[in-house]
Amino acid sequence: MSHITEQINAYLEPLAQDQKFSGAVLASVHGEIVYSNAFGKANIELAVDNTIKTKFRIASITKTFTGVCILQLVERGQLHLEDPLTTAGLFKRPPMVSSLHTPVVFLDLLPFS
């Protein structure tokens, strides 16, 4: 067992046993997976364990990641908030802001994140 595995297990196993953490964890270093494990129950009522293949309902949490990613690309100069979504190849014809009849730009996505 690697040092990384030991450290992550030492931290997460007590949390899982106390029902303070339930989920799946993957850690990678330079694209190489160094840790992958699951803890707790996917369904407590049915006593179904989480696995590394459990699909989680993550709801709106991806909105935060979208906002951060957009702003990181802006910071790197790879896009501008005023660019239409077609800039990133997301749409052949950009969706329009109906009230303005203008293309949706990246800035329009941020209030939702």
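Here we summarise the structure given alongside this text. (Residues numbered from 1 in each chain as written. Predicted model: local features only at pLDDT ≥ 70, side-chain atom pairs only at ≥ 80, totals over all residues. Heavy atoms only, no water.)

**Things to note about the overall build of the protein chain**
The number of helices and strands found in the protein chain is 3 helices and 6 strands. A buried classification covers 19% of the 113 residues belonging to the protein chain. Within the protein chain, counting contacts between residues at least 6 apart in sequence, those at least 24 apart form 28% of the total. Counting only carbon and sulfur atoms, one obtains 58% of the accessible surface of the protein chain, whose full area is about 9000 Å². (Helix = DSSP H or I, 4+ residues; strand = E, 2+ residues; numbered from the N terminus. Buried < 20%, exposed > 50% of the residue type's maximum accessible area, 1.4 Å probe, protein only. Contact = heavy atoms within 4.5 Å. Areas by Shrake-Rupley, 256 points an atom, 1.4 Å probe, with all protein chains shown as cover.)

**Examining the nonpolar core**
Within the largest apolar cluster, 7 residues are counted, these being Ile70, Leu79, Leu81, Leu85, Val104, Phe106 and Leu110. Non-local contacts of Leu110, meaning those with residues more than four positions away in its chain, are made with Gly67, Ile70, Leu71 and Leu81. (Core = buried A, V, L, I, M, F, W, Y, C linked by side-chain atoms within 4.5 Å.)

**Things to note about the pairing of strand β2 (residues 32-39)**
Pairing between strand β1 (residues 23-29) and β2: 7 bridges, direction antiparallel. Each residue of the ladder has a partner; that of Val29, found in β2, is Glu32. The turn joining β1 and β2, which pair antiparallel and follow one another in sequence, is formed by 2 residues; a positive phi near 55° is taken by His30. (Pairing = 2+ DSSP bridges.)

**Observations regarding the environment of Phe56**
For Phe56, the location among the structural elements is in the loop between β4 (48-49) and α2 (61-75). Put simply, Phe56 and Gly23 are 33 residues apart on the chain and 8.3 Å apart in space, counted from C-alpha to C-alpha. If we skip the residues at most four places from it in the chain, Phe56 touches Gly23, Ala24 and Asn50.

**Focus on the environment of Val74**
Considering the arrangement of structural elements, one finds Val74 in helix α2. Note on Val74: relative accessible area 27%, which makes it partly exposed. Considered as a pair, Val74 and Phe106 are 32 residues apart in the sequence and their alpha carbons are 9.8 Å apart. Sequence-distant contacts of Val74, that is, excluding residues within four places in its chain, are made with Leu79, His80 and Leu81.

**As for the environment of Ile33**
Residue placement: Ile33 occurs in strand β2. If we ignore the near neighbours within four places in the chain, the residues touching Ile33 are Leu26, Ala27 and Ser28.

**Here's the deal with helix α1 (residues 3-17)**
With 15 residues, α1 ought to run about 21 Å at 1.5 Å a step, and its terminal C-alpha atoms sit 21 Å apart, in line with that. Largest kink in α1: about 25°, centred on Asn9. Along α1, the residues classified as buried are Thr5, Ile8, Asn9, Leu12 and Ala16. Buried residues belonging to α1 abut β1 and β2. Backbone geometry just after α1 places Gln19 at a positive phi near 55°. (Expected span 1.5 Å × (residues − 1). Bend = angle between axes of the 7 residues up to and from the residue.)

**Overview of unusual backbone geometry**
One non-glycine residue, Gln19, adopts positive backbone phi at about 55°. You can see Gln19 is positioned in the loop between α1 and β1.

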